[in-house]
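Examination of the molecular architecture
If you want the building blocks of each chain, they are given just below.
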Amino acid sequence: MRTTFEITMKNVLVIGSTGQIGSELTMKIRREIPGSTVVAGYIPGAEPKGELLESGPAEIADVRDAAALADIVKRYRIDTIYNLAALLSAVAERKPLLAWDIQMNGLLNILEVARENNAAVFTPSSIGSFGPETPRVGTPQDTIQRPRSMYGVTKVATELLSDYYFHKYGVDTRSVRFPGLISNVTLPGGGTTDYAVEVYYAAVKGEEFVCPIAPGTYMDMMYMPDALKAAIDLMNADPSRLIHRNSFNIASMSFEPEQIFAKIREYIPGLRVRYEVDPVRQAIATSWPDSMDDSCARAEWDWKPVYDMDSMTRDMIDCLRKRYNNNNL
Ligand code: AKB
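Values in this document were obtained by computation on a predicted structure and should not be read as measured data.

Here we take up the environment of R136. Mapping R136 onto the fold places it in the loop between β6 (125-126) and β7 (137-139). Between the C-alpha atoms of R136 and M292, which are 156 residues apart in sequence, the distance is 7.9 Å. For R136, the contacting residues outside a window of four places in its chain are A285, T286, W288, P289, D290 and S291.

Next up, the structure:
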């Protein structure tokens, strides 16, 4: 168990390195943590390409294959595992057994390999870990968690199992509850909050956006650079200051569809939107908090977001326009 405060992240395995978070997290650690080796873990069919492939090692790392995980962790002397393998909320509702298999059996494999090899583990939780009985506004760090979606069930169980491995075996597990993440490198797939990413792509391409979430539905959202900072800062935080571990509320902005569309129209006035509400996504969104209280993360590891809706929107449009002009959108 890590007991002293030091930046121990050196040999890192990112599982799910080609996904929305993984593709950017892998590159950020490779660039910013000197002397680090970051193994890009992927599953067949989602191979790393370009800079992600060329800038460091890559290995097939299916969370359901315990022997393969153990082999990678031993071969690269991995000290930190980012476990980003998951089916997002809307897909998990369509494939609940697969979601359970990846999110729970996969997590158990990772925690076991971490226990045997003294590695730290970051497995994200989500606003999806809350449910309709949770206080909606200023959702506290410690409160009712009775989600109705399979995604939420696996996220609560992830928090509990990760805490169990910390208390019972001393495995250094840490986690944040991510809001909907907005990014311009890799699209999310199958989440309830995806609309807040997709609308930027439609706006920059000049296409009509069909919104699956009803106006007036508030959810916590965050710009990817803040999410990556959280994932790295928490794993480097002084463990003696951590009262909580799995999992910290983190927040930066909360909005409903009309508010983000109005913000985008300040920069792209021609944005066209039509609503076609998806009942599955809407039911999930309605059961999630409107806005989380992240005071414990601020107090225990100095969490502080940089971006608000305006600075995020300017950066999103700028980055996506560059990609569009290079025929890369
Ligand atoms: C989803 O919408 O499923 C995810 C999440 C909030 O965890 N983006």
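Before going further, it helps to examine the environment of M27. When you line up the elements, M27 lands in helix α1 (residues 22-32). M27 sits in the buried class, given a relative accessible area of 8%. Distance in space between the C-alpha atoms of M27 and A40 is 9.3 Å, their sequence separation being 13 residues. If sequence neighbours within four positions are ignored, M27 has contacts with E51, L52 and S55.

What follows is about the layout of surface pockets. By volume, the largest pocket amounts to about 980 Å³. Lining the largest pocket are 49 residues, with L84, A85, A86, L87 and L88 positioned closest to its centre. Elements represented by at least two residues in the lining of the largest pocket include exactly β2 (37-42), α4 (89-94), α5 (96-117), β6, α6 (150-169) and β10 (180-182). Among the residues making up the lining of the largest pocket, the classes are represented as 25 nonpolar, 20 polar and four charged. Summarising the domain contributions, the lining of the largest pocket has at least three residues from each of domain 1 (11-179 + 224-249) and domain 2 (181-221 + 252-298 + 306-325). There is about 200 Å³ of room inside the second largest pocket. Forming the walls of the second largest pocket are N184, V185, T186, L187, Y201, R323 and N328.

Taken domain by domain, the protein comprises domain 1 (11-179 + 224-249) and domain 2 (181-221 + 252-298 + 306-325). On a C-alpha basis, the centroid separation for the pair domain 1 and domain 2 is 23 Å. Each side of the interface is counted separately: domain 1 has 35 residues, and domain 2 has 34 residues. Across the domain 1 to domain 2 interface the summed buried area is about 2800 Å²; carbon plus sulfur atoms make up 62%. Run the count over domain 1 and domain 2 and you get one salt bridge.

The next subject is the packing of helix α7 (residues 195-205) against helix α9 (residues 257-265). Two packed helices can be described by the angle between their axes and the distance between those axes. At a minimum axis distance of 11 Å, the contact between α7 and α9 shows a crossing angle of 30°. Relative to α9, the element α7 lies roughly parallel. At the point where α7 passes α9, the crossing takes the right-handed sense. On α9, the residues that touch Y195, V199, Y200 and A203 of α7 are P257, I260, F261 and I264.

Around the ligand, the neighbouring residues are L88, S89, S126, I127, Y151, G180, G191, T192, T193 and W288. Backbone polar atom of T192 to an oxygen atom of the ligand: 2.7 Å apart, as the coordinates give it. Here the ligand loses 93% of its free accessible area of 260 Å² to cover by the protein chains. Put simply, the ligand lies in the largest pocket. Split by domain, the residues of the shell around the ligand number at least three in each of domain 1 (11-179 + 224-249) and domain 2 (181-221 + 252-298 + 306-325).

Our focus in this paragraph is helix α8 (residues 224-235). For α8, with twelve residues, the first-to-last C-alpha span of 17 Å sits near the 16 Å given by 1.5 Å per residue. The buried fraction of α8 amounts to nine of the twelve residues, a majority that puts the element mostly inside the structure. Those residues of α8 not exposed but buried are M224, D226, A227, L228, A230, A231, I232, L234 and M235.

Mapped onto the elements, N83 comes out in strand β4 (residues 80-83). The exposure class assigned to N83 is buried, which follows from its relative accessible area of 4%. A polar atom in the side chain of N83 sits 3.4 Å from the backbone nitrogen of A85. Look past the residues within four positions of N83 in its chain and what remains in contact with it is I15, V63, L107, I110, F122, T123 and P124.

Now for unusual backbone geometry. Here the bond from N246 into S247 is cis, since omega is 25°, no more than 30 degrees from zero. Within the secondary structure, S247 sits in the loop between α8 and β13 (248-249). Non-glycine residue R77 carries a positive phi angle of around 50°. Relative to the assigned elements, R77 resides in the loop between α3 (66-75) and β4. Judged by relative accessible area, which is 67%, R77 ranks as exposed. At N327, a residue that is not glycine, the phi angle is positive and equals roughly 55°. Structurally, N327 can be placed in the segment after α12 (309-325).

Rules behind the numbers
Residues numbered from 1 in each chain as written. Predicted model: local features only at pLDDT ≥ 70, side-chain atom pairs only at ≥ 80, totals over all residues. Heavy atoms only, no water. Helix = DSSP H or I, 4+ residues; strand = E, 2+ residues; numbered from the N terminus. Contact = heavy atoms within 4.5 Å. Buried < 20%, exposed > 50% of the residue type's maximum accessible area, 1.4 Å probe, protein only. 1 Å grid on protein atoms, 1.4 Å probe; cavity = no way out; pocket = protein on both sides within 12 Å on 5 of 7 lines; lining within 4 Å. Points joined across faces, edges and corners; volume = space filled by probe spheres on them. Nonpolar A, V, L, I, M, F, W, Y, C, P; charged D, E, K, R; others polar. Domains from an automatic or database assignment. Buried area = accessible area lost by both parts, 1.4 Å probe. Salt bridge = Lys/Arg side-chain N within 4 Å of Asp/Glu carboxyl O. Axes fitted to C-alpha atoms, helices over the stretch in contact; angles between N-to-C directions. Parallel < 35°, antiparallel > 145°, perpendicular 65-115°, else oblique. Left-handed = near helix turned anticlockwise from the far one by under 90°. Near = heavy atom within 4 Å. Polar contact = N/O pair within 3.5 Å; in protein donor to acceptor, adjacent residues only side chain to side chain. Areas by Shrake-Rupley, 256 points an atom, 1.4 Å probe, with all protein chains shown as cover. Sits in = over half its atoms within 2 Å of the grid points. Expected span 1.5 Å × (residues − 1).

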